[in-house]
Amino acid sequence: MGVKILAIETSCDETSAAVVEDGVTIRANIISSQIAVHQKFGGVVPEVASRKHLELLNGVIAEALAEAGLDFAGLDAVAVTHGPGLAGALLVGVAAAKTLAYALDIPLIAVNHLEGHVYANFLAEPALPFPFLCLIVSGGHTDLVFSEYHGNYRLLGSTRDDAAGEAFDKIARALDLGYPGGPAIEKLAEKGDEEAIPFPRAYLEEGTFDFSFSGLKTAVINYLRQAGEQGSPVRKADVAASFQKAVADVLVEKTFQAAVSCRAKAVLLAGGVAANRRLRALFQLYADRRMLPVIYPPPVLCTDNAAMIGCAAYYRFLRGDFAPLTLNAFPGLPLGEERY
Ligand code: KG4
Ligand code: ZN
């Protein structure tokens, strides 16, 4: 009889509930995407997201339990993302989790959304080695995190301006590809030449593991504007492919530099952008050359989902690291900081 945790994730635009057993077995992982609702606005509208979470969450939880073949009495704990994310959206999940923990008299576990992204890798590879270096690339974050044991995080670098996913979304908008931008750029890039346009790569000053994507973003937008002014045809697929390669080059170069400098035993990828196949292939190539394993979750576990929260929660469960029923949501919660 394993430890069965119901996990809830409502930090952005996916309403998700999962049942994860012993941190490894996904008994259910229901993800109800609100993408269609937000698409007509060209991005996530926070108020709309909160309202949708409220409408969807009970049904999504019921579906997760049904798929796991469990009722509420079969649960050992309930876990929830309490930050970072959209305040109103987070609060819906936090309120639901607190209610369940109180009513069922089981422990409540608070999980940092970024920690969840990191732990999606433990679902893919439960025996992954410490210390590891994880590149978290999502819509709001581009972080290099070093970890020596469960629950331990040291931030080695992060973006000074746009997050990698944000850059994908903004360039997708400039190319009229709609929201969310990452998957649309990846698809279009398959038909393009990634060497066609030499967009800049910002490696910043020697020794830093920080990132910057705003220069690249401006370069792409200027390229499109100049082409428009000159009336010259733009091969959007070449723009998408060249942009994607510029992002991937910087991410892979910096990550492996950092991995070597901190003597990591493995490199992990996490977050929505980690679903990108070009990025994964480039990381695999570097890893093979350096004999350093690279681990990445399957795409469905890279983008927001509750299974990753259930996995991270399991290690907190083992440590007896439970949250009080007064738990709050923290939109700007940093990784590694415990706030209730
Ligand atoms: O982790 P995530 O689902 O949500 C956040 O926590 O932000 O990441 C969403 C981000 C979006 O910016 C989206 O465009 C990007 O991940 N993304 C991708 C791909 N799939 C999602 N970026 C590049 N290639 C993809 N295949
Ligand atoms: Zn996320």
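1. Focus: the domain arrangement of the protein
No. 1: If you check the domain split of the protein, you get domain 1 (4-117 + 302-319) and domain 2 (131-292).
No. 2: Taken together, the 14 residues of domain 1 in the interface contact 15 residues of domain 2.
No. 3: Between domain 1 and domain 2, roughly 1200 Å² of surface is buried when both sides are summed, and carbon and sulfur atoms account for 67% of that area.
No. 4: It is Leu114, His117 and Cys302 in domain 1 that bury the most area against domain 2; as a group they hold 40% of the surface buried on that side.
No. 5: Taken together, the connections running from domain 1 to domain 2 amount to zero salt bridges.
No. 6: Taken together, domain 1 and domain 2 are joined by four residue pairs in polar contact (both at pLDDT 80 or more).
No. 7: Secondary-structure elements contributing two or more residues to the side of domain 1 that touches domain 2 are helix 1 (35-39), helix 4 (113-124) and helix 11 (307-319).
No. 8: Among the elements that line the side of domain 1 that touches domain 2, the one with the most residues is helix 4, at three residues.

2. Regarding the sheet that holds strand 6 (residues 132-137)
One key point about sheets: their strands pair by backbone hydrogen bonds, in either a parallel or an antiparallel sense.
No. 1: Taken in spatial order, the five strands line up as 8-7-6-9-10 in an open sheet, and their pairing is mixed. Pairing within the sheet leaves two strands with one partner each, and these edge strands are strand 8 (154-158) and strand 10 (294-295).
No. 2: Examined bridge by bridge, strand 9 (residues 266-270) and strand 10 share two bridges and lie parallel to one another. Across the sheet, residue Leu268 finds its bridge partner in strand 10, namely Ile295.

3. Side note on the site of ligand 1
No. 1: Taken together, 19 residues form the shell around ligand 1, and within it Gly139, Asp169, Gly182, Glu186 and Asn276 come nearest.
No. 2: In the model, an oxygen atom of ligand 1 is placed 2.8 Å from a nitrogen or oxygen of the Gly139 main chain.
No. 3: Within the side chain of Glu186, an N or O atom sits 2.6 Å from a nitrogen atom of ligand 1.
No. 4: With the chains in place, 88% of the 550 Å² that ligand 1 exposes on its own is no longer accessible.
No. 5: Going through the elements one at a time, helix 4, helix 5 (164-174) and helix 6 (181-189) are the ones with two or more residues in the shell around ligand 1.
No. 6: It is helix 6 that provides the largest number of residues to the shell around ligand 1, a total of four residues.
No. 7: When grouped by side-chain class, the residues that make up the shell around ligand 1 number four nonpolar, 12 polar and three charged.
No. 8: Each of two domains, domain 1 (4-117 + 302-319) and domain 2 (131-292), supplies a minimum of three residues to the shell around ligand 1.

4. Quick notes on the packing of aromatic side chains
No. 1: Taken as a whole and assessed by the stated rule, the structure comprises 13 aromatic pairs.
No. 2: Where Phe122 meets Phe130, the ring centres are 6.0 Å apart and the plane angle is 35 degrees; that geometry is what we call tilted.
No. 3: According to the relative accessible area criterion, Phe122 is buried, its value standing at 1%.
No. 4: Aromatic pair Phe199 and Tyr223: ring centres 5.7 Å apart, planes at 85 degrees, arrangement edge-to-face. Here Phe199 is found in the loop between helix 6 and helix 7 (214-230), whereas its partner Tyr223 is found in helix 7, with 24 residues between them in sequence.
No. 5: Of the aromatic side chains, those joined through ring pairs into one cluster are Tyr119, Phe122, Phe130, Phe132, Tyr314 and Tyr315.

Rules behind the numbers
- Residues numbered from 1 in each chain as written.
- Chains lettered and ligands numbered in written order.
- Predicted model: local features only at pLDDT ≥ 70, side-chain atom pairs only at ≥ 80, totals over all residues.
- Heavy atoms only, no water.
- Domains from an automatic or database assignment.
- Contact = heavy atoms within 4.5 Å.
- Buried area = accessible area lost by both parts, 1.4 Å probe.
- Salt bridge = Lys/Arg side-chain N within 4 Å of Asp/Glu carboxyl O.
- Polar contact = N/O pair within 3.5 Å; in protein donor to acceptor, adjacent residues only side chain to side chain.
- Helix = DSSP H or I, 4+ residues; strand = E, 2+ residues; numbered from the N terminus.
- Pairing = 2+ DSSP bridges.
- Near = heavy atom within 4 Å.
- Areas by Shrake-Rupley, 256 points an atom, 1.4 Å probe, with all protein chains shown as cover.
- Nonpolar A, V, L, I, M, F, W, Y, C, P; charged D, E, K, R; others polar.
- Phe/Tyr/Trp six-rings, centres within 6.5 Å; stacked < 30°, edge-to-face > 60°.
- Buried < 20%, exposed > 50% of the residue type's maximum accessible area, 1.4 Å probe, protein only.

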